[in-house]
Amino acid sequence: MTVLVERRGAYAIVTIDNPPVNAVSLAVRQGLMAAVAQTEAEKDIAAVVLSCAGRTFVAGADVKEFDKPPVAPHLPDVIAAIEAASKPWIAVIHGTALGGGLELAMGCHHRVADATARMGLPEVTLGLIPGAGGTVRLPRLVDAELALTMIAGGKPISAQKAKDAGLIDVIADGDLLQTAFDLVTRGVACRPTLAMHVRGVTNDGAFEKISSDLLRKARGQHSVAVAIDALKRALIMPEADALAEERATFLELKTSDQARALRHIFFAERASLVDPRAKLSPRPIERIGVIGGGTMGAGIASLCLMRGFAVTLIERDMTSLQAGGERVHTVLEASSKRGLLPDLDAVLARFRTATDYAALSDADLVIEAVFEDMAVKKQVFTELEKVTRPDAILATNTSYLDVNEIASCLRDPSRAIGLHFFSPAHIMKLLEIVLPESVADDVVSTAVKLSKKLGKIGVFSGVCDGFIGNRIMSAYRTEADRLLIDGADPEQVDAAMRDYGFPIGVFEMQDLAGLDIAWAMRKRRLAEGKLSQGYIRIADRLCELGRFGRKSGAGWYDYDGTKVLPSGAVATIIAEERQAMGKTAVAFSNEEVMSRILGAMHLEAQAVLAEGIARSAQDIDVVMVNGYSFPRWKGGPMFAAQDRLS
Ligand code: 3H9
């Protein structure tokens, strides 16, 4: 039974049991309608307690149904029936009450929550607005500023904040269900949320400021603006009209390209680590060694510490070790100041540093993050094989190098895997799990479990120069260079990308990251004969002039303090290279610029897929969205391209 009705004396307990997250599917809606009818019909029922089985209260409408036409009974009607019931309904919330789940709870007459529960209206993150009364009921329970943050910002709030704001009535001290029964036995009345007055705006300036901040961050994702408008309407319109408007807007958004793209990414992210190769029991991981205390190594070490592992950081000498240790401390202290680490001392107690690899004799996993040089990586792996337990996993964080070749230097190459983190490692969501040919299946399962424990979105990649993400990035960087040769300038390319929804353009990004690393890589590739015909030398010439980006005060742009200025010197180099390649400048529209950038990404993505480097088009989309800031609401290069073609 998806919805079960039981009696406890004069009360009914209605339990939704729809694993894994009690999403409101058609069966749940039907079950709830039947539960309303039954509890209304049984005259001796004095009150109804609505709770959920399993790990959470209702986490929302069933998103899997969103690609099909809606089928009655619709959630707004179910909620209206509960709200109109003649006996009080009490929502009992544990886990997360999200989207349609919170709307259902707001349709109940009272709300009791676990202290660890969270509640929110994340519909905007799926390109939607609430569609079952959320924009109309929430501002009747909390002030308009909080309603705005929740509806147009999408982030859930804690039970305590919800209690302080008026969204829930009681936080359970002990047993949650018992707390609800204590409440009903004390006697509670029906209290329809819709009959309450709108709480309204307490501070106009604050409301406008929240709106403009959210709109800026939305970078072209429509649902945010639509959600703000829906709430503004709900603040002034009669509730029935506001509900009708909200529903119509929700249904319209549901079929929009952005909502489809966001659903695509939502499910793609949850499928990216489901794989037959990850079926075996993982090896236990408690102690992690990190080789190299540079930005990346220190970031990885900090992340592992924050997520509960014991970490030993290794550097080649005391000076580098001290610097690496300090980097880790800086990251942890910053996280602690932001309230992300409740017990900094306990975290630091799990941190050790050493210059001798022998300190890794008890490590379950070692991740190397040393200089990107094959000889150095092989030396590290050979050394690690000598000092670590034979079952310890040896991972490389290389961004480009051949993981098969690195693994081949081990007597037991099945222990080797690539774990490609993105900088800053404790913040960026993506983890590319790079699978060399020799990797053991239980090493793969262990990497999957580790990825989840580290809070990452993991994606499998085969071995190639750059793996999934850097390969596609390098293709689009090359296309951006070609655009310069053909007549665009860096300012236009960057502006076109920002208009499309990238947080930053390709040239601004290179200036931020530093041009020297990619220059070193190009020199290596050039020496190996791996750079293709028609190679564009503009970036090399900038580096030859010491223009390494922001850190050197000049790169693709000139920098005057915080000011970013177009560079005459860069324009001259572009013009010279254009002439040397026998091209004449032509004008481009921003659409043409984007079409070429996206086309290049898509072509490379297709090659990555055809070569079996990525398992699926959706994995590629997950990589580009989470590792390279491809706008989520476009879904990813493969999805966006598929849409352009269809
Ligand atoms: C909405 O409610 C609209 C209403 O306003 C109006 C309606 C008329 N539907 O994330 P996890 C699946 S819009 C279907 O790995 P966690 C998920 O695919 C919705 N399936 O777990 C996965 O399946 P599988 C507003 C869903 O513990 C499994 O559950 N709500 C849904 O890390 C476990 O998911 C949201 O946007 C769903 N709504 O996190 C909330 N949700 O095992 C979206 C999850 O087959 N959900 N699944 O791969 C979440 O944020 C997280 O799933 C949650 C749990 C925090 C709940």
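The text that follows walks through the structure, step by step, so that each part is easy to find.

The rules behind these values
Residues numbered from 1 in each chain as written. Predicted model: local features only at pLDDT ≥ 70, side-chain atom pairs only at ≥ 80, totals over all residues. Heavy atoms only, no water. Helix = DSSP H or I, 4+ residues; strand = E, 2+ residues; numbered from the N terminus. Rg over C-alpha atoms; globule rule 2.2 N^0.38 Å. Buried < 20%, exposed > 50% of the residue type's maximum accessible area, 1.4 Å probe, protein only. Contact = heavy atoms within 4.5 Å. Areas by Shrake-Rupley, 256 points an atom, 1.4 Å probe, with all protein chains shown as cover. Lys, Arg positive; Asp, Glu negative; His and termini not counted. Salt bridge = Lys/Arg side-chain N within 4 Å of Asp/Glu carboxyl O. Axes fitted to C-alpha atoms, helices over the stretch in contact; angles between N-to-C directions. Left-handed = near helix turned anticlockwise from the far one by under 90°. Nonpolar A, V, L, I, M, F, W, Y, C, P; charged D, E, K, R; others polar. Near = heavy atom within 4 Å. Polar contact = N/O pair within 3.5 Å; in protein donor to acceptor, adjacent residues only side chain to side chain. Pairing = 2+ DSSP bridges. Disulfide = S-S within 2.5 Å. Core = buried A, V, L, I, M, F, W, Y, C linked by side-chain atoms within 4.5 Å. Parallel < 35°, antiparallel > 145°, perpendicular 65-115°, else oblique.

1. A word on the overall build of the chain
Right, on to step 1. A count of helices and strands for the chain gives 26 helices and 19 strands.
Right, on to step 2. In terms of C-alpha radius of gyration, the chain reaches 28 Å, essentially the compact-globule figure of 26 Å for 646 residues.
Right, on to step 3. Expressed as lengths along the three principal axes of its C-alpha atoms, the size of the chain is roughly 85 × 60 × 45 Å.
Right, on to step 4. The buried share of the chain, taken over its 646 residues, is 53%.
Right, on to step 5. Long-range contacts, defined as pairs at least 24 residues apart, comprise 73% of the intrachain contacts of the chain with a sequence gap of at least 6.
Right, on to step 6. For the chain, the exposed surface amounts to about 27,100 Å²; the carbon and sulfur share of it is 55%.

2. Concerning the side chain of Arg111
Right, on to step 1. Checked against the element boundaries, Arg111 lands in strand β6 (residues 110-113).
Right, on to step 2. Notably, Arg111 is buried but unbridged: the nearest opposite-charge side chain belongs to Asp169, and the N-O separation is 4.4 Å.
Right, on to step 3. With near-sequence residues (within four places) excluded, Arg111 lies in contact with Ala91, Ile93, Ala105, Met106, Leu141, Leu167, Ile168, Asp169, Val170, Arg191 and Thr193.

3. Brief notes about the packing of helix α18 (residues 467-486) against helix α24 (residues 590-610)
Right, on to step 1. Remark: α18 packs on α24, axes separated minimally by 8 Å, with the N-to-C direction vectors making an angle of 145°. The way α18 lies across α24 gives a crossing that is right-handed. Between α18 and α24, the contacting residues are Ile468, Arg471, Ile472, Ala475, Tyr476, Glu479, Ala480, Arg482, Leu483 and Asp486 on the first element and Val593, Arg596, Ile597, Ala600, Met601, Glu604, Ala605, Ala607 and Val608 on the second.
Right, on to step 2. Across the contact of α18 with α24, the residue classes break down as 13 nonpolar, no polar and six charged.

4. Some details on the site of the ligand
Right, on to step 1. Taken together, 27 residues are adjacent to the ligand, and Arg55, Gly100, Glu103, Glu123 and Arg270 come closest.
Right, on to step 2. A distance of 2.8 Å separates an oxygen atom of the ligand from a polar atom in the backbone of Ala61.
Right, on to step 3. Gly100 is positioned such that a nitrogen or oxygen atom in its backbone is 2.8 Å from an oxygen atom of the ligand.
Right, on to step 4. Bound to the protein, the ligand loses 73% of the 1,000 Å² it would expose on its own.
Right, on to step 5. At the level of secondary structure, the elements contributing two or more residues to the shell around the ligand comprise β5 (96-98), α3 (100-107), α10 (239-254) and α11 (257-271).

5. Notes on the sheet that holds strand β8 (residues 157-158)
Right, on to step 1. The three strands are arranged β5-β7-β8 in an open sheet whose pairing can be described as mixed. Looking at which strands have only one partner, the edges of the open sheet turn out to be β5 and β8.
Right, on to step 2. Against the sheet, α3 contacts β5 and β7 (118-120), and its axis sits at roughly 90° relative to β5.

6. Section: the pairing of strand β1 (residues 3-8)
Right, on to step 1. Pairing of β1 with strand β2 (residues 11-16) involves six bridges; the strand directions are antiparallel. Directly across from Arg8, in β2, lies its bridge partner Tyr11.
Right, on to step 2. Joining the antiparallel neighbours β1 and β2 is a turn of two residues, in which Gly9 adopts a positive phi near 60°.

7. Remarks on the state of the cysteines
Put plainly, two cysteines are in a disulfide when a covalent bond ties their sulfur atoms together.
Right, on to step 1. In total, this model carries zero disulfides according to the counting rule given.
Right, on to step 2. With no disulfide of its own, Cys52 lies closest to Cys108 among cysteine sulfurs, the gap being 9.9 Å.
Right, on to step 3. Residue Cys190 stays outside any disulfide, its sulfur separated by 11 Å from that of Cys108, the closest cysteine.

8. Observations concerning the environment of Glu577
Right, on to step 1. Relative to the helices and strands, Glu577 is located in helix α23 (residues 568-580).
Right, on to step 2. Of the residues examined, Glu577 reaches a relative accessible area of 11% and is grouped as buried.
Right, on to step 3. Expressed as a C-alpha distance, the spacing of Glu577 and Gln38, which sit 539 residues apart in the sequence, is 79 Å.
Right, on to step 4. Apart from the residues lying within four places of it in its own chain, the contact partners of Glu577 are Ile485, Arg537, Ile538 and Arg541.

9. Notes on the nonpolar core
Right, on to step 1. Counting 69 residues, the largest nonpolar core has Trp89, Ile93, Met119 and Leu167 as its most contacted members.
Right, on to step 2. With near-sequence residues (within four places) excluded, Trp89 lies in contact with Val14, Ala35, Val36, Thr39, Val48, Leu50, Ile82, Cys108, His109 and His110.
Right, on to step 3. Listed in part, the 55 residues of the second largest apolar core include Leu483, Leu542, Trp556 and Ala640.

10. As for unusual backbone geometry
Right, on to step 1. Between Ala72 and the following residue, Pro73, the backbone shows a cis peptide bond with an omega angle of 0°.
Right, on to step 2. Within the secondary structure, Pro73 sits in the loop between β3 (47-52) and α2 (75-83).
Right, on to step 3. Residue Asn22 is not a glycine yet carries a positive backbone phi of 55°.
Right, on to step 4. Its location among the elements puts Asn22 in the loop between β2 and α1 (26-41).
Right, on to step 5. Exposure remark for Asn22: the relative accessible area of 1% places this residue in the buried category.
Right, on to step 6. A positive phi angle, close to 55°, is found at Phe467, a residue other than glycine.
Right, on to step 7. Considering the arrangement of structural elements, one finds Phe467 in helix α18.

11. Details of the pattern of salt bridges
Right, on to step 1. Throughout the structure, instances matching the rule amount to 40 salt bridges.
Right, on to step 2. The residue Arg263 makes a salt bridge to Asp67 at a minimum N-O spacing of 2.9 Å. Pair noted here: Arg263 is in helix α11 and Asp67 is in the loop between β3 and α2, with a separation of 196 residues, a long-range link.
Right, on to step 3. Look at Arg263 and you get buried, because its relative accessible area is 4%.
Right, on to step 4. Given the relative accessible area of 58%, Asp67 is considered exposed.
Right, on to step 5. Notably, a salt bridge pairs Arg389 with Asp364, separated by 2.9 Å at the nearest N-O pair. Residue Arg389 is found in the loop between α15 (374-387) and β14 (393-396), and its partner Asp364 is found in the loop between β12 (351-354) and β13 (365-368); the two are separated by 25 residues along the sequence.
Right, on to step 6. A relative accessible area of 27% means that Arg389 is categorised as partly exposed.
Right, on to step 7. Through salt bridges with shared partners, a single ionic network connects Glu479, Arg482, Asp486, Lys583 and Arg596.

12. Concerning the packing of α24 against helix α25 (residues 617-628)
Right, on to step 1. Across the interface, α24 lies against α25 with an axial gap of 10 Å and an inter-helix angle of 130°. Considering their axes alone, α24 and α25 lie oblique with respect to each other. Handedness of the crossing formed by α24 with α25: right-handed. Of the residues in α25, those touching α24 at Met601, Ala605, Val608 and Leu609 are Ala617, Ile620 and Met624.
Right, on to step 2. Its residues placed into classes, the contact of α24 with α25 shows seven nonpolar, no polar and no charged.

13. Focus: α2
Right, on to step 1. Along α2, the residues classified as buried are Leu75, Val78, Ile79, Ala81, Ile82 and Glu83.
Right, on to step 2. As for α2, its buried residues are in contact with α1, β4 (89-93), α3 and α4 (134-141).

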